[in-house]
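# Examination of the molecular architecture
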Amino acid sequence: MRFAFLSDIHGNATALEAVIHDIRQQEVDQIFILGDICFRGPEPKRSLDLVRSLDATVIKGNADEWLVKGISKDEVPEEALAIMNEEREWTLQRLEDEDLEYLANLPTELVIEDGLDIIIHAFHATPNDLLGVVLPDETEKIENEIMQRDEADLFVYGHTHLPFVRSLLGKNVANTGSVGMPFDGHPLASYLIVEIEDGRHRLHLNRVPYNREHVVELYKQGSYPNIETMGRVIFYAVKP
């Protein structure tokens, strides 16, 4: 079995198309999408439509929840709240009520085990918190906040936009990185392939190029709020 895990598309439909094309070359059996589909990119509606056109299993991220319920002042830095609310309103103008209903009803975690020799626990940030941040070098937090399901053999998440694979306590932990907005200084879309065979599993972090200049131009054409910051994020793969 070959699985593809994607996360953090963030309205970057151009990057998502490139990843979908790459996945098709991998001949995967199932696609899993770990949230943050629309918000902060220039093509929220097209990104969501692409996701929904796939035969994929999808869960919710914090940015999906923000579109549905709004952004609380304690969830982002105080200096970022006003501009992020402007970005949210811009995004909502391009989505329909049915789109928001779809996002609202997404589950928040997955346990994948049927017919497999391993058990995979997948979620957006942590099993308990859509906003929890667990970084690659935070071993204690990984063990306590990510590796909560004792029977699982592999834990997969997104949210941080920092791809990695680690082995801890006889198990594996992987972060998919971000399809639409990597933060690791490597401006290629990131996703994870999990290959399972005869009780063994192999993990591959794939990086896929896409037309970043086109994405930045789409921000400009759409009169997106915060264009300068988001253009820098896309082009240089840095945090906003």
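Residues numbered from 1 in each chain as written. Predicted model: local features only at pLDDT ≥ 70, side-chain atom pairs only at ≥ 80, totals over all residues. Heavy atoms only, no water.

## Regarding the UniProt feature "domain: Calcineurin-like phosphoesterase" (unreviewed entry) in the protein chain
Within the UniProt annotation, "domain: Calcineurin-like phosphoesterase" (unreviewed entry) is assigned to residues 1-198. In residues 1-198, helix accounts for 32% and strand for 22%; the two terminal C-alpha atoms are 10 Å from one another. (UniProt positions renumbered as here; feature names shortened; annotations may be inferred. Helix = DSSP H or I, 4+ residues; strand = E, 2+ residues; numbered from the N terminus.)

## What to know about the packing of helix 7 (residues 212-221) against helix 8 (residues 227-236)
Their axes nearest at 9 Å, the elements helix 7 and helix 8 cross at an angle of 165°. Here helix 7 lies roughly antiparallel to helix 8, going by the angle between them. The chirality of how helix 7 crosses helix 8 is right-handed. Between helix 7, through Arg212, Glu213, Val215, Val216, Tyr219 and Lys220, and helix 8, the contact on the second element is made entirely by Ile227, Met230, Gly231, Ile234 and Phe235. (Axes fitted to C-alpha atoms, helices over the stretch in contact; angles between N-to-C directions. Parallel < 35°, antiparallel > 145°, perpendicular 65-115°, else oblique. Left-handed = near helix turned anticlockwise from the far one by under 90°. Contact = heavy atoms within 4.5 Å.)

## Observations concerning the sheet that holds strand 8 (residues 171-175)
If you trace the 5 strands from one edge of the open sheet to the other, you get 4-5-6-8-7, paired in mixed fashion. The strands lining the two open edges of the sheet, one partner per strand, are strand 4 (109-112) and strand 7 (164-168). Across the sheet, the mean angle from the axis of one strand to that of its neighbour is 15°, orientation sign disregarded. As judged from the 5 bridges shared by strand 7 and strand 8, these two strands associate in the antiparallel manner. In the sheet register, arginine 166 faces strand 8, and the bridge partner there is valine 173. Relative to the sheet, helix 6 (residues 139-146) contacts strand 5 (120-123), strand 6 (154-157), strand 7 and strand 8, its axis offset from that of strand 7 by approximately 80°. (Pairing = 2+ DSSP bridges.)

## Remarks on the packing of aromatic side chains
One pass over the structure, following the stated rule, counts 8 aromatic pairs. Measuring from centroid to centroid gives 5.3 Å for phenylalanine 235 and tyrosine 236, while their planes differ by 75°, and the two rings are edge-to-face. Within the aromatic cluster, the residues linked to one another by ring pairs are Phe3, Phe5 and Phe32. Lying across the ring of tyrosine 102, arginine 52 places its NZ or CZ 4.2 Å from the centre. (Phe/Tyr/Trp six-rings, centres within 6.5 Å; stacked < 30°, edge-to-face > 60°. Lys NZ or Arg CZ within 6 Å of the ring centre and 35° of its normal.)

## So, the pattern of salt bridges
Considering all chains together, one arrives at 16 salt bridges under this definition. Between lysine 45 and aspartate 49 there is a salt bridge, with its nearest N and O atoms 3.6 Å apart. Here aspartate 49 and lysine 45 lie together in helix 2 (residues 44-53), a separation of 4 residues that amounts to about one turn. Judged by relative accessible area, lysine 45 falls into the partly exposed class, the value being 23%. (Salt bridge = Lys/Arg side-chain N within 4 Å of Asp/Glu carboxyl O. Buried < 20%, exposed > 50% of the residue type's maximum accessible area, 1.4 Å probe, protein only.)

## Section: helix 5 (residues 97-104)
Residues spaced three or four apart along an α-helix face the same direction, because each turn holds 3.6 residues. Within helix 5 the residues assigned to the buried category are Asp99, Tyr102 and Leu103. Here the buried residues of helix 5 occupy an arc of 95° about the axis, which is enough to place them on one side. Buried positions along helix 5 lie against helix 2, strand 3 (56-58) and helix 3 (62-69). (Arc of directions from axis to C-beta.)

## Observations regarding the sheet that holds strand 1 (residues 2-6)
The sheet built from 5 strands is open, its strands ordered 3-2-1-9-10 with mixed pairing. Looking at which strands have only one partner, the edges of the open sheet turn out to be strand 3 and strand 10 (200-208). The mean inter-strand angle of the sheet, taken between neighbouring strand axes irrespective of direction, is 20°. Of the strand pairs in this sheet, strand 1 and strand 2 (residues 30-33) are connected by 4 bridges, and their pairing is parallel. Paired with phenylalanine 5 across the strands is phenylalanine 32, a residue of strand 2.

## Looking at the side chain of threonine 126
Tracing the backbone shows threonine 126 in the loop between strand 5 and helix 6. On the basis of relative accessible area, threonine 126 is assigned to the buried category, the value being 6%. In this structure the side chain of threonine 126 is engaged in a polar contact, spanning 3.0 Å, whose partner is the backbone nitrogen of aspartate 129. With near-sequence residues (within four places) excluded, threonine 126 lies in contact with Gly132, Val134, Glu145 and Ile146. (Polar contact = N/O pair within 3.5 Å; in protein donor to acceptor, adjacent residues only side chain to side chain.)

## Brief notes about the side chain of aspartate 36
By the secondary structure assignment, aspartate 36 is in the loop between strand 2 and helix 2. Despite its burial, aspartate 36 remains without a salt bridge, the nearest opposite charge being carried by arginine 40 at 9.4 Å. Every residue in contact with aspartate 36, bar those within four places of it in the chain, is listed here: Asp8, Ile9, His10, Gly61, Asn62, Ala63, Asp64 and His124. (Lys, Arg positive; Asp, Glu negative; His and termini not counted.)

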